[in-house]
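Take a look at the letters that make up each chain.
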Amino acid sequence: MNQPDNVATVTSRIIEERIGHVVFRNPARRHALSADLLEALEQRLAELAEQRLPVLLLGSGIGQEVWSAGHDLGELAHDRDPIAYGKPLERVLRAIRSYPGVVIAMVSGSVWGGAVDLVMSCDLVVADRSARFSMTPANIGLPYTTSGLLRFFHNLPIHVLKEMFFCALPLTAERAVQFGVVNRLAESGGLEAEALEMARGIAAKAPLAVHAVKEQLRIMEDMQPLPVQAMEQIAELRRQACASADFSEGLAAFSGRRQPQFRGV
């Protein structure tokens with residue numbers, strides 16, 4: 001039974017014995033990551049983790065203009081820091097990174113803001129040539145988290161990372177392959193076949209060995225000791241930006257479909 005376009009949904013199915021497919025949908029909001037959708041995705045990932053499926057494909061569909069518009073900005077009027085540690089998006093990112101198997105992002109269309117972080121949190125990425133990756137927090141005055149920046153830091157040259165966050169311009173599929181963000185680039189219409197080929201190769205391997213390597217890499221990536229003073233400085237910088245008039249202006253400009261007038265206060 002088809003769901004109406006104004007309903008955010010998360011569904012899953014077993015494609016083959018050891019491969020699952022998770023699909024999140026929010027067509028009315030360009031597949032935005034609303035709190036309800038993220039909570040449903042977190043629950044579905046927990047259920048699949050109990051089944052210990054060795055490989056998951058994750059996506060919102062194929063052949064569409066937008067893979068995901070990122071965090072649902074309509075909810076920011078009620079939440080000045082939607083990417084803090086305990087919020088739904090960060091919980092889903094941790095669920096993907098700790099999933100006891102390999103999660104492959106299957107990307108078709110443009111990816112925005114927090115949805116880029118969702119892709120970066122997956123273990124592998126298969127995309128078609130329509131894929132574009134844009135980090136847009138600076139457009140509305142939202143400071144990104146340290147944990148989020150580290151995910152980009154581990155995956156991108158520092159000047160490309162800065163370009164993405166400072167300019168908020170799209171990273172094309174071809175450049176994403178060049179910098180290792182995308183593992184495989186598929187031609188139009190061949191995305192699912194390409195992703196399935198990779199998934200089948202992984203599913204044939206020893207799942208405990210693959211999981212052990214994934215967990216070791218996760219732990220090593222998370223080993224970023226910082227002095228207490230540095231953590232406090234970062235927290236204060238983020239607090240100031242989240243409480244700023246610029247952030248309010250960014251949200252108002254987005255809602256009013258106009259260019260923001262930032263003043264640095």
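Before any of the text, the structure's been laid out above.
All values reported here derive from a predicted model rather than from experimental measurement. (Residues numbered from 1 in each chain as written. Predicted model: local features only at pLDDT ≥ 70, side-chain atom pairs only at ≥ 80, totals over all residues. Heavy atoms only, no water.)

(A) Inspection of the sheet that holds strand β9 (residues 171–172) at higher detail. Here four strands make up an open sheet; going across it, the order is β4-β6-β8-β9 and the pairing mixed. The open sheet terminates on both sides in strands that have one partner only, identified here as β4 (66–68) and β9. Alignment of strand β6 (residues 110–112) against strand β8 (residues 132–134), held across three bridges, turns out to be parallel. Each bridged residue has a counterpart across the sheet, and for W112 the counterpart in β8 is S134. The strands touched by helix α3 (residues 114–121) within the sheet are β4, β6 and β8, with β6 carrying the most contacts at an inclination of about 105°. (Pairing = 2+ DSSP bridges. Helix = DSSP H or I, 4+ residues; strand = E, 2+ residues; numbered from the N terminus. Contact = heavy atoms within 4.5 Å. Axes fitted to C-alpha atoms, helices over the stretch in contact; angles between N-to-C directions.)

(B) Representation of the packing of helix α2 (residues 88–98) against helix α9 (residues 207–222) within the structure. Two elements in contact, α2 and α9, have axes separated by 9 Å at closest approach and are oriented at 135°. Viewed along their axes, α2 and α9 adopt a mutual orientation that is oblique. In this structure, α2 contributes I96, R97 and S98 to the contact, and α9 contributes K214, R218, E221 and D222. Class assignment of the residues belonging to the contact of α2 with α9 gives a composition of one nonpolar, one polar and five charged. (Parallel < 35°, antiparallel > 145°, perpendicular 65-115°, else oblique. Nonpolar A, V, L, I, M, F, W, Y, C, P; charged D, E, K, R; others polar.)

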